[in-house]
Amino acid sequence: MERWNNDRVDKLSVFEAFAEAVKALANGRRLQLMELMAQGEHSVEELARLSDMAMTTTSAHLQTLNRAGLVSKRRERTTIYYRLSGDDVAELYTAAKRVALHRYPRLGEAVDAYMGQPRAQGPVIDPSAVTSEMVIIDVRPTEEYEAGHFPGALSVPLADLEDRLNEIPAEAQIVVYCRGELCRMAREAAVLLRERGMDAQAMDEGIVEWRASKEIDLSVA
């Protein structure tokens, strides 16, 4: 702060400071970590495992985001936990994604290729079309479900889905969701359920979008 008090601050200095915050987003790994932290608080070890990164690399990215004020952290004994600093950070993430999908063809092509692989193909549904008669399944890890989920959703992590098929009403219309628009777990789960003869489709949004828009109540009773 002393530098700002002693030096003449011109308009460029303002925009340079603005750029420092925005620049923290300009990395694919950090955006991936932000999607994960939008699900709830995670330890550095969990984030490294979920993002398939080394611990030192994960920690360095988290420190960059923390310096920019986009995430906050707490220590519990020897474990450090990170989370988004607020829902406005999720808004920033989804706004950047929305503009990029609309304006940058390469992102749209990459998403189409990623989501278009055979194990993820199939119908999607908008959250506004979901009714109370449908069975909603959350296929994220249990700890993410417990941090916040779609009202009335059943927690069945993707890794456990095949072993828990008997818990899902076979004749029901099933809707599956996961972390967000760029997450493929829900689509993969829907494919598996359809292969077992069930009527299943994936939502085209997830937790990160709902945390940003606040259109879905993610509170946990």
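Residues numbered from 1 in each chain as written. Predicted model: local features only at pLDDT ≥ 70, side-chain atom pairs only at ≥ 80, totals over all residues. Heavy atoms only, no water.

**Student:** Hey, could you run me through the overall build of the chain in this one?
**Tutor:** Scanning the chain from N- to C-terminus turns up ten helices and eight strands. Seen through its C-alpha atoms, the chain measures out along the principal axes to roughly 70 × 45 × 30 Å. Here the chain holds 221 residues, and 42% of them are scored as buried. Residue pairs in contact within the chain that sit at least 24 positions apart in sequence constitute 65% of those at least 6 positions apart. In the form shown here, the chain has an accessible surface area of approximately 12,400 Å², with 50% of it arising from carbon and sulfur atoms. Measuring between centres, the 27 positive side-chain charges of the chain sit 7 Å from its 36 negative side-chain charges. (Helix = DSSP H or I, 4+ residues; strand = E, 2+ residues; numbered from the N terminus. Buried < 20%, exposed > 50% of the residue type's maximum accessible area, 1.4 Å probe, protein only. Contact = heavy atoms within 4.5 Å. Areas by Shrake-Rupley, 256 points an atom, 1.4 Å probe, with all protein chains shown as cover. Lys, Arg positive; Asp, Glu negative; His and termini not counted. Charge placed at Lys NZ, Arg CZ, Asp CG, Glu CD.)

**Student:** How should I be thinking about a nonpolar patch on the surface in this particular structure?
**Tutor:** A cluster of nonpolar residues, Val-9, Leu-12, Val-14, Phe-15, Phe-18 and Val-22, forms a patch on the protein surface that exposes about 570 Å² of accessible area. Residue position: Phe-18 is located in helix α2 (residues 11–23). Judged by relative accessible area, Phe-18 falls into the exposed class, the value being 52%. (Patch = residues over 30% accessible without salt bridge, like charges linked within 9 Å, V, L, I, M, F, W, Y side chains within 5 Å. Salt bridge = Lys/Arg side-chain N within 4 Å of Asp/Glu carboxyl O.)

**Student:** Help me understand the sheet that holds strand β6 (residues 154–155), please; the structure alone is not making it clear to me.
**Tutor:** In any sheet, the strands associate via hydrogen bonds between backbone groups, in a parallel or an antiparallel arrangement. Strands sit in the order β4-β8-β7-β5-β6 across an open sheet of five strands; the sheet is parallel. The sheet is open, and its two borders are formed by β4 (124–125) and β6, each paired with just one other strand. In this structure, strand β5 (residues 135–138) lies alongside strand β7 (residues 173–177), joined through four bridges in parallel fashion. Bridge pairing in β7 links Asp-138 to Tyr-177. Packing of helix α9 (residues 185–195) onto the sheet brings it into contact with β4, β5, β7 and β8 (199–203), and relative to β8 it is tilted by some 175 degrees. (Pairing = 2+ DSSP bridges. Axes fitted to C-alpha atoms, helices over the stretch in contact; angles between N-to-C directions.)

**Student:** Got a minute to help me understand the sheet that holds strand β2 (residues 71–76) in this structure?
**Tutor:** Taken together, the three strands give an open sheet; going across it, the order is β1-β3-β2, and neighbouring strands pair in antiparallel fashion. Where the open sheet ends on each side, the last strands, each with one partner, are β1 (42–43) and β2. Taken strand by strand, helix α3 (residues 28–37) contacts β1, β2 and β3 (79–84), and its axis lies near 90 degrees from that of β3.

**Student:** Looking at this model, I keep getting lost on the pattern of salt bridges. Mind explaining?
**Tutor:** Pairing between side chains becomes possible if they bear opposite charge and their charged atoms approach one another. Using the criterion set out here, one finds 15 salt bridges in the structure. The partner of Glu-209 in a salt bridge is Lys-97, and the shortest N-O contact between them spans 3.1 Å. With a gap of 112 residues between them, Glu-209 in helix α10 (residues 207–213) and Lys-97 in helix α6 (residues 87–103) connect regions that are remote in the sequence. We classify Glu-209 as buried; its relative accessible area is 8%. A salt bridge links Arg-184 to Glu-188; its shortest N-O distance comes to 2.9 Å. The pair formed by Arg-184 and Glu-188 is uniform in burial state, with each residue classed as buried.

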